[in-house]
Amino acid sequence: DTEVTQTPKHLVMGMTNKKSLKCEQHMGHRAMYWYKQKAKKPPELMFVYSYEKLSINESVPSRFSPECPNSSLLNLHLHALQPEDSALYLCASSLWDRGDGYTFGSGTRLTVV
Amino acid sequence: SQQGEEDPQALSIQEGENATMNCSYKTSINNLQWYRQNSGRGLVHLILIRSNEREKHSGRLRVTLDTSKKSSSLLITASRAADTASYFCATDYGNNRLAFGKGNQVVVIP
């Protein structure tokens, strides 16, 4: 299996809702990442997990809460989002500290109304 | 964080022509990577060049790296309509923060 699977592909949520994005990989990668991408912009790093521990938080607002239950799974819990949080959320994985390329999922297109 | 910057940002070419994109960065890197993105979906890793390498090939792709000028180029030879996409360079400074450049939109006209 050489894929990163993200669910759902599309999500519309209200500003008072709580929702979660899921990401799964079975490549044995011990580093997993969340990126946010606005239209016509490059992806921006949000969080980095290594060996199931949060190693980097790029000053992301607390309404975004990451979780790594095991080495194959990464979640992003969403609560009280704003319309400006609407974006494509991308999950990626890689071998930790090997300087290899990342494998990205297809993303979740999030719309906050 | 520092990011690579590609130049030019939009490129329209005829099928069969070559497409070249450039990327510059600001400080020493471990490696530089190129990714392709179709229609706002996930990114696909194309090629990685390490700081001690000068040129790398993968199929119709050729990447060069000039560490003295802190720049890289991606050449796509004999382009096809399916190559229409956005192309991003990304720099790995060794701190597990892969930073993406602004991206190039390439349109290949059949």
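Note that the coordinates shown come from a computational prediction; the quantities given were computed from them, not determined experimentally.

Some thoughts on the packing of aromatic side chains
Residues and elements named next belong to chain B. Counting across every chain of the model gives nine aromatic pairs over all chains. Judged by centre distance (5.5 Å) and plane angle (55°), the ring pair of tyrosine 35 and phenylalanine 100 falls under tilted. Placement of tyrosine 35 in strand β4 (residues 31-37) and of phenylalanine 100 in strand β10 (residues 98-100) is noted, with a sequence separation of 65 residues between them. Residue class for phenylalanine 100 comes out buried when judged on its relative accessible area of 0%. Aromatic side chains phenylalanine 88 and phenylalanine 100 sit 6.4 Å apart centroid to centroid with 85° between the ring planes, which places their arrangement in the edge-to-face category. Taken together, the positions of phenylalanine 88 in strand β9 (residues 85-92) and phenylalanine 100 in strand β10 put the pair twelve residues apart, joining distant regions of the chain.

As for the side chain of serine 72 of chain A
Mapped onto the fold, serine 72 of chain A is located in the loop between β7 (64-70) and β8 (73-79). Relative accessible area serves as the criterion here: at 18%, serine 72 of chain A is assigned to the buried category.

Remarks on the interface of chain B and chain A
Contacts between chain B and chain A engage 21 residues on the former and 26 residues on the latter. Approximately 1,700 Å² of surface area, both sides summed, lies buried where chain B meets chain A, with 48% of it carried by carbon and sulfur atoms. Counting the surface chain B buries against chain A, the share from its top three residues, Arg41, Asn96 and Arg97 of chain B, is 35%. Scanning the region where chain B abuts chain A turns up two salt bridges. Its salt-bridge partner being arginine 97 of chain B, residue glutamate 58 of chain A comes within 3.0 Å of it at the nearest N-O pair. Counting every contact that joins chain B to chain A gives seven residue pairs in polar contact (both at pLDDT 80 or more). A class-by-class count of the residues in the side of chain B that touches chain A yields six nonpolar, ten polar and five charged.

Observations regarding empty space enclosed by the protein
Residues and elements named next belong to chain A. As enumerated under the stated definition, the model contains one cavity of 30 Å³ or more in all. Considering the residues around the largest cavity, the lining is formed by His29, Arg30, Met32, Tyr49, Tyr51, Glu52, Cys68 and Ser71. Here the lining of the largest cavity is built from residues that sort into four nonpolar, two polar and two charged.

Let's talk about the environment of leucine 46 of chain B
Residue and element names in this part refer to chain B. With respect to the helices and strands, the residue leucine 46 is situated in strand β5 (residues 43-50). Using a relative accessible area of 17% as the deciding quantity, one classes leucine 46 as buried. With 41 residues separating them in the primary sequence, leucine 46 and tyrosine 87 have C-alpha atoms 9.4 Å apart. Residues in contact with leucine 46, not counting those within four places in the same chain, are Trp34, Tyr35, Arg36, Ser58, Leu61, Leu74 and Tyr87.

Cut-offs and rules
- Residues numbered from 1 in each chain as written.
- Chains lettered and ligands numbered in written order.
- Predicted model: local features only at pLDDT ≥ 70, side-chain atom pairs only at ≥ 80, totals over all residues.
- Heavy atoms only, no water.
- Phe/Tyr/Trp six-rings, centres within 6.5 Å; stacked < 30°, edge-to-face > 60°.
- Helix = DSSP H or I, 4+ residues; strand = E, 2+ residues; numbered from the N terminus.
- Buried < 20%, exposed > 50% of the residue type's maximum accessible area, 1.4 Å probe, protein only.
- Contact = heavy atoms within 4.5 Å.
- Buried area = accessible area lost by both parts, 1.4 Å probe.
- Salt bridge = Lys/Arg side-chain N within 4 Å of Asp/Glu carboxyl O.
- Polar contact = N/O pair within 3.5 Å; in protein donor to acceptor, adjacent residues only side chain to side chain.
- Nonpolar A, V, L, I, M, F, W, Y, C, P; charged D, E, K, R; others polar.
- 1 Å grid on protein atoms, 1.4 Å probe; cavity = no way out; pocket = protein on both sides within 12 Å on 5 of 7 lines; lining within 4 Å.
- Points joined across faces, edges and corners; volume = space filled by probe spheres on them.

Geometric descriptors of this kind do not, in isolation, establish any biological role.
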